[in-house]
Amino acid sequence: MSKDAYIHKMLPGSPGGPLLFVFHGTGADESQLLSLGRDLAPLATIISPRGDVSEQGAARFFRRTGEGVYDMADLARATGKMAGFVKAHVEAAKPSSVLGLGYSNGANILASVVFAAPELFDATVLMHPLIPFEPDVKGSLAGRRILLTAGKRDPICPPTLTSRLEAYLRADGADVTVEWHEGGHEVRPNEIEAARRFLAGARVEGA
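The numbering scheme is per chain: residues are counted from 1 as the chain's sequence reads. Only residues with pLDDT of 70 or above have their local features reported here, since the model is predicted, and side-chain atom pairs are shown and tallied only from 80 upward, although totals for entire chains, interfaces and linings are computed over all residues. Note: side-chain values were computed over all heavy atoms of the structure, leaving out hydrogens and water.

(A) Just the packing of helix H2 (residues 72-93) against helix H3 (residues 105-116), in detail. To get an axis, fit a line to the C-alpha atoms, keeping to the stretch in contact for a helix; angles then go from 0 to 180 degrees between the N-to-C directions. Each helix is a run of DSSP H or I of at least 4 residues and each strand a run of E of at least 2, with the numbering of both proceeding from the N terminus. It is the contact of H2 with H3, at a shortest axis distance of 9 Å, that shows an interaxial angle of 75 degrees. Here H2 is positioned roughly perpendicular relative to H3, judged by the angle of their axes. Here Leu75, Ala78, Thr79, Met82 and Ala83 of H2 lie close against H3, whose contacting residues are Ile109, Ser112, Val113 and Ala116. Note on residue categories: nonpolar means Ala, Val, Leu, Ile, Met, Phe, Trp, Tyr, Cys or Pro, charged means Asp, Glu, Lys or Arg, and polar means any other residue, Gly included. Tallied by class, residues from the contact of H2 with H3 come to seven nonpolar, two polar and no charged. Reported orientations rely on four angle classes, namely roughly parallel under 35 degrees, roughly antiparallel over 145, roughly perpendicular from 65 to 115, and oblique for the rest. What makes two residues a contact is simply this: any of their non-hydrogen atoms within 4.5 Å.

(B) Looking closely at the UniProt feature "domain: Dienelactone hydrolase" (unreviewed entry) in the chain. UniProt positions are given in the numbering used here, feature names are shortened, and annotations may be inferred rather than shown by experiment. Mapped onto this structure's residue numbering, the UniProt feature "domain: Dienelactone hydrolase" (unreviewed entry) falls at residues 90-183. As annotated, residues 90-183 has a helix share of 31% and a strand share of 27%, and its two end C-alpha atoms lie 36 Å apart.

(C) Highlighting empty space enclosed by the protein. In the cavity and pocket records, a cavity denotes points on a 1 Å grid over the protein atoms alone where a 1.4 Å probe fits but cannot get out, a pocket denotes an open set with protein on both sides within 12 Å along at least 5 of 7 lines, and lining residues are residues with an atom within 4 Å of a point. Grid points are joined across faces, edges and corners, and a volume is the space filled by probe spheres set on the points. Tallied over the full model, the rule gives one cavity of 30 Å³ or more. Along the walls of the largest cavity sit Val114, Pro118, Phe121, Asp122, Ala123, Thr124, Arg144, Arg145 and Ile146, which together make up its complete lining. Only strand E9 (123-127) and strand E10 (145-151) provide two or more residues apiece to the lining of the largest cavity.

(D) Seen up close, the packing of aromatic side chains. What counts as a ring pair is set by centres within 6.5 Å for rings of Phe, Tyr and Trp (its six-membered ring), and what kind of pair is set by the plane angle: stacked under 30 degrees, edge-to-face over 60, tilted for all other angles. Per the stated rule, a full pass over the model turns up five aromatic pairs. Relative to Tyr70, the ring of Phe62 has its centre 4.9 Å away and its plane inclined at 75 degrees; by these criteria the two rings are edge-to-face. Of the two residues examined, Phe62 and Tyr70, each falls in the buried class. An aromatic cluster is present here, built from Tyr6, Phe21, Phe85 and Phe121 joined pairwise through their rings. Three exposure classes are used, based on accessible area relative to the maximum for each residue type with a 1.4 Å probe and protein chains only: buried under 20%, partly exposed in between, and exposed over 50%.

(E) Representation of the environment of Asn108 within the structure. Of note, Asn108 is situated in helix H3. Each C-alpha atom, one on Asn108 and one on Leu20, is 16 Å from the other, the two residues being 88 residues apart in sequence. Sequence-distant contacts of Asn108, defined by excluding residues within four places in its chain, comprise Phe62, Tyr70, Pro129, Leu130 and Ile131.

(F) Local environment of the sheet that holds strand E1 (residues 8-11). Judged by pairing direction, the sheet is mixed, and its seven strands sit side by side in the order E1-E3-E2-E8-E9-E10-E11 without closing on themselves. Lying at the two open borders of the sheet, with one neighbouring strand each, are E1 and strand E11 (175-181). The average undirected angle you get between the axes of adjacent strands in this sheet is 15 degrees. Note: two strands are recorded as paired if DSSP finds a minimum of 2 bridges between them. Here four bridges tie E1 to strand E3 (residues 45-49), and the two strands are oriented antiparallel to one another. When the bridges of E3 are listed, Lys9 appears paired with Ser48. Across the sheet, H2 is in contact with E1, strand E2 (19-23), E3 and strand E8 (98-103); its angle to E2 comes to roughly 155 degrees. Across the sheet, H3 lies against E2, E8, E9 and E10, angled at about 140 degrees from E8, the strand it touches most.

(G) Expanded view of the pattern of salt bridges. When a carboxyl oxygen of Asp or Glu is within 4 Å of a side-chain nitrogen of Lys or Arg, the pair counts as a salt bridge. Counted according to the given criterion, the structure contains 15 salt bridges. Between Lys81 and Asp52 there is a salt bridge, and its shortest N-O distance comes to 2.7 Å. Of this pair, Lys81 sits in helix H2 while Asp52 sits in the loop between E3 and strand E4 (53-55); the two residues are 29 residues apart in sequence, bridging distant segments of the chain. Lys81 gets classed as partly exposed once you look at its relative accessible area, which sits at 28%. Between Asp122 and Arg144 there is a salt bridge, and its shortest N-O distance comes to 3.6 Å.

(H) Representation of helix H4 (residues 159-171) within the structure. To estimate how far a helix should extend, the number of its residues minus one is multiplied by 1.5 Å. Under the 1.5 Å per step criterion, the end-to-end length of H4 is 18 Å for 13 residues, consistent within 8% with the ideal 18 Å. Among all positions in H4, only Thr162, Leu165, Glu166 and Leu169 are buried. With its buried residues spanning 105 degrees around the axis, H4 presents them on a single face. Turned more than 90 degrees from where H4 packs its buried face, Thr160 and Ala171 sit exposed. Of the surrounding elements, those touching the buried residues of H4 are H3, E10 and E11. Just downstream of H4 lies Gly173, where phi reads positive at about 95 degrees. Working definition: the arc comes from the directions between the helix axis and the C-beta atoms, pointing outward to the latter.

Printed below as a string of structure tokens:
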């Protein structure tokens, strides 16, 4: 486990306060969600890693062979590496709560870490995740709070797969909230407001 396993940026917050990890989408970098993270969790220390895979110059957290077709071996590699990165920062910071927020490819790696290590995050926001496989949860998601946000006309993350992911999470005991909008893969204001309410509740519970 290493705090420097990924190139990353950190915005300091209140000592002993929440720790919020944010994970960017394909082609972005560690700066994409920093300001959103600060807006949503003003007192949190925010950590934003950069994906370590390049897809024709676009940063990602794991490899794929086509749209929605994942290199599962590389996803396993990335999941283990990211879980170690998160654990190292949590052990160093000893925060009041551990929160996660990811968009698109960032939501996918965050979800994969949640499946592999359910105890790591107290609450997670998955914006437009695409999980085309049945999750293999190592342990139990009972009591873990998860917000899914999605577009009803998202060409990248079909609504049927969002609903299937919701069902998987609920079946494993997670406390799931879903926020939809009428559009596609873009993030809309109602998603951001839902994430703000969700994370505010998580911070209160984790205090």
